[in-house]
Amino acid sequence: MKIAIIGAGIGGLSAAWDLAGAGHEVNVYEGSDKVGGLAGGFRPEGWEWSVEKYYHHWFQSDAELLKIAEEIGVRDKVFYPQPVTALYHQGKFYAFDSPIAVLKFPGIHFIDRLRFGFVGAYLRFSKNWKSFEKHTAHEWLRKWMGKRAYETLWEPMLKGKFGEEYYRDVNMAWFWARIHVRTPQLGTFEGGFQAFCDEFAEAVRGRGATILLETPVERIESKDKDQLALRTNDGEETFDRVLSTTSPELVAKMAPDLPEDYLSGVRNLKSLGAVVLTLSMDRPLGPEIYWYNLPKSEGFPFLCLVEHTQFVDKEHFGGNHIVYCGDYLPPDHRYFSMTKEEILEEYLPGLQKINPEVSKDWVKESWMFRAQYAQPVPFVNHSENIPSIRTPIPGLYWASMSQVYPWDRGTNFAVEIGRRAAKSIQASKPS
Ligand SMILES: Cc1cc2nc3c(=O)[nH]c(=O)nc-3n(C[C@H](O)[C@H](O)[C@H](O)COP(=O)(O)OP(=O)(O)OC[C@H]3O[C@@H](n4cnc5c(N)ncnc54)[C@H](O)[C@@H]3O)c2cc1C
C-alpha cells in the first residue's frame, strides 16, 4: 500500500517503522523543520547534547519505548541517572521519590502517611482501571486517602496540572494509571531526546520510508476507489491509507468531510497547552534536586521547576546549568502571547523562593516553547468518548495523545498507539 503519515513525532515514526518494515511505501509529512514533535529538542552552538523543548524523561516501566529503542539499535544509549524529586511544603523541600521518603515526610500526621502509602500500594497493584473511571480523582482520593493527605500531597498537583477549571473533574483512572505504571527511576538518552528522535528517523529512512520536513498537510480529501488525496504546499498526492498523528483540532480542520458524529467526538476532547521557559545559567539554581513539585497556592508562578543539570551532566551543555520552568495552561492564557522576557520577569520571584540569591544576571540565555495541545483532560467515563483510530472515512486513521487513555500521554504510549494504528492499517490491506 501507499501510505501517508502526518507528523514525525514519536507516534508517527513508530507507525512508519512498522509499515515501512512490512514493505509498504511510506511518506511521512512533518510540518516543522525537525522530527520529534513534542519530544524534540534544541542544541545551541557549543553544546554537545540537545536539551528538550519540554522537559522529558523515561520511566523504567516504559516497555514499548525500550522495545522500539532495542529494535532500532539504540537501547544501549538509554540510561537511568538517580536524580532527586522533591516536594515543596511550607518553605522547605522534602525528597519524595520512594516509600521511605514518603514515610519520613513531616507535612502530614504519621497515620495519614500510612494511609497515603496503603492507597498508593492498592493503586499500584489493582488492575481494574475501568472501575476507577466512574469517579473523579478529587472525590476518590479525598475519601480513601483522607482529606489531609489528599489536600497536602495530591490536590496541589491536580490543581497545577489541570487548573481550577478542570482539576475536580479529572477521572480516577487517569490518576491510577500514573501510580500503576510509573517507576521512580528516571531515564534519558545519550545526546538528548532530539538525538533519539534523529536516530529513530534515520532507522525509519533505512527501511525505505521518506520523511518530508517543512511540509505541513493542509487538507485530506476522499477520492474514487477508496483513495485519499493529501494537499500540501507542494501540491496534491494520492494514497491508499493516511494516518494523522496531529491534535484533535488539526485533524478536524484537515479532514472536514469526517461525519458529524465523529467530528463532534473529536471536538469534545478537552486538553491544555504547555508553556516552558528554559534558562541557561552560569551557576546552579538550587541544591541537588532535579524535579520540584510546587503548589501554586504557595505563590509559585509555575507548576514544574526542573533543574536538568541535576539529571544530566552540565559538561554536555558547555558547562551551563539548565533550568526549565513549566506550566499547563488553557491555550488562551496570556502566557501564550507574552515575550519570554516578560515571562521571566513574572517567574523570577518563584525562582527566588528556591534560592533567594538568584538574579537575572545569572541567566546567560533563555528559550521559550509553547504548545497549544499538550495535556489531554479525561473526564468521568472517558473511555466511552474516545474517537476510534479508524475513522469513518475509508482509509483515514487518527492516533493521538487523546486516545492513549487510560494512560497519561507520554512517548511510551505514543509508540504503543503508533504501532496499534500501523497494525490496524495492515489488517485493512485489500487481499
Ligand atoms: C511539557 C511536556 C512534558 C512532557 N514530558 C514527558 C516525559 O517526561 N516523558 C514522556 O515520555 N513524555 C512526555 N511528554 C509527552 C510526549 O512528548 C508526547 O506524549 C509524545 O511526544 C507525543 O507524540 P505524538 O507523536 O503523538 O505527537 P507529537 O509529538 O505532537 O507529534 C505530532 C507531529 O505532527 C506534526 N504536525 C502537526 N500538524 C501537522 C500538519 N498539518 N502537517 C504535518 N505535520 C504536522 C507536529 O509538528 C509534530 O511533529 C511531555 C509532553 C509535554 C507537552
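What counts, and where the lines are drawn
Residues numbered from 1 in each chain as written. Predicted model: local features only at pLDDT ≥ 70, side-chain atom pairs only at ≥ 80, totals over all residues. Pairing = 2+ DSSP bridges. Helix = DSSP H or I, 4+ residues; strand = E, 2+ residues; numbered from the N terminus. Axes fitted to C-alpha atoms, helices over the stretch in contact; angles between N-to-C directions. Contact = placed C-beta atoms within 7 Å. Domains from an automatic or database assignment. Nonpolar A, V, L, I, M, F, W, Y, C, P; charged D, E, K, R; others polar. Right-handed = clockwise from strand over helix to strand, strands pointing away. Expected span 1.5 Å × (residues − 1). Bend = angle between axes of the 7 residues up to and from the residue. Buried ≥ 20, exposed ≤ 12 C-beta atoms within 10 Å, placed from the backbone. Near = placed C-beta within 6 Å.

(A) Focus on the sheet that holds strand S2 (residues 25-29). A sheet is described by the order of its strands in space; here five strands give the open sequence S10-S2-S1-S14-S20, paired in parallel fashion. Where the open sheet ends on each side, the last strands, each with one partner, are strand S10 (210-212) and strand S20 (396-398). Ignoring strand direction, the axes of neighbouring strands in this sheet form an average angle of 20 degrees. Sheet contacts for helix H1 (residues 10-21): strand S1 (2-6), S2 and strand S14 (241-244); angle to S2, the most-contacted strand, approximately 165 degrees.

(B) Examining the domain arrangement of the chain more closely. Taken as a whole, the chain is organised into domain 1 (2-79 + 190-269 + 385-427) and domain 2 (98-181). Of note, the centres of domain 1 and domain 2, computed from C-alpha atoms alone, are 32 Å apart. With four residues of domain 1 in contact, the opposing surface of domain 2 contributes seven residues. Along the lines of polarity and charge, the residues of the side of domain 1 that touches domain 2 split into two nonpolar, one polar and one charged.

(C) The pairing of S2, seen in detail. Taken together, the five bridges between S1 and S2 define a ladder with parallel strand orientation. Bridging across to S2, isoleucine 6 finds its partner in tyrosine 29. Tracing the backbone out of S1, into H1 and back to the parallel element S2 gives a crossover that is right-handed.

(D) Representation of the sheet that holds strand S8 (residues 92-95). The sheet built from seven strands is open, its strands ordered S8-S7-S16-S17-S18-S15-S19 with mixed pairing. Every interior strand has two partners, whereas the edge strands, S8 and strand S19 (363-377), have only one. Within the sheet, the average angular offset between the axes of one strand and its neighbour, ignoring direction, is 25 degrees. Running over the sheet, helix H7 (residues 147-166) touches strand S15 (270-281), strand S16 (291-293), strand S18 (321-329) and S19 and is turned about 60 degrees from S19.

(E) Here's a closer look at helix H12 (residues 340-354). With 15 residues, H12 ought to run about 21 Å at 1.5 Å a step, and its terminal C-alpha atoms sit 20 Å apart, in line with that. The sharpest bend along H12 reaches about 40 degrees and sits at tyrosine 347, with the proline proline 349 one to four residues further on. Restricting attention to buried positions, one finds in H12 the residues Ile343, Tyr347 and Leu351.

(F) Representation of the pairing of strand S9 (residues 186-189) within the structure. As paired strands, strand S5 (residues 58-59) and S9 are joined by two bridges and run antiparallel to one another. Looking across to S9, one finds that tryptophan 58 is bridged to glycine 187. Two strands pair when backbone bridges link them, and strand S6 (residues 78-79) and S9 are joined in this way by two bridges, in the antiparallel orientation. Within S9, the residue paired with phenylalanine 79 across the bridge is threonine 188.

(G) Summary view of helix H9 (residues 193-206). The terminal C-alpha atoms of H9 lie 20 Å apart, and with 14 residues this matches the ideal 20 Å at 1.5 Å per residue to within 8%. Along H9, the residues classified as buried are Phe193, Gln194, Phe196, Cys197, Phe200, Ala201, Ala203 and Val204. On the buried face of H9, the contacting elements are H1, strand S3 (41-42), strand S4 (51-52), S9 and S10. Positive backbone phi, at 100 degrees, marks glycine 208, one or two positions downstream of H9.

(H) Local environment of the environment of arginine 267. In this fold, arginine 267 is placed in helix H11 (residues 260-267). In sequence terms arginine 267 and lysine 423 are 156 residues apart; their C-alpha atoms lie 26 Å from each other. Arginine 267 has contacts with Pro248 and Ala252, leaving out every residue within four places of it along the chain.

(I) Unusual backbone geometry, seen in detail. Of note, the amide linkage connecting tyrosine 405 to proline 406 takes the cis form, showing an omega dihedral of 10 degrees. Position of proline 406 relative to the elements: it lies in the loop between S20 and helix H13 (411-427). In this model, glutamate 214 sits at a positive phi of 50 degrees, which is unusual for a non-glycine residue. Tracing the chain through its elements places glutamate 214 in the loop between S10 and strand S11 (217-222).

(J) Layout of the site of the ligand. Around the ligand sit 36 residues, and of these Gly7, Gly9, Gly11, Gly37 and Tyr54 come closest. Elements represented by at least two residues in the shell around the ligand include exactly H1, S15, S19 and H13. Along the lines of polarity and charge, the residues of the shell around the ligand split into 18 nonpolar, 16 polar and two charged.

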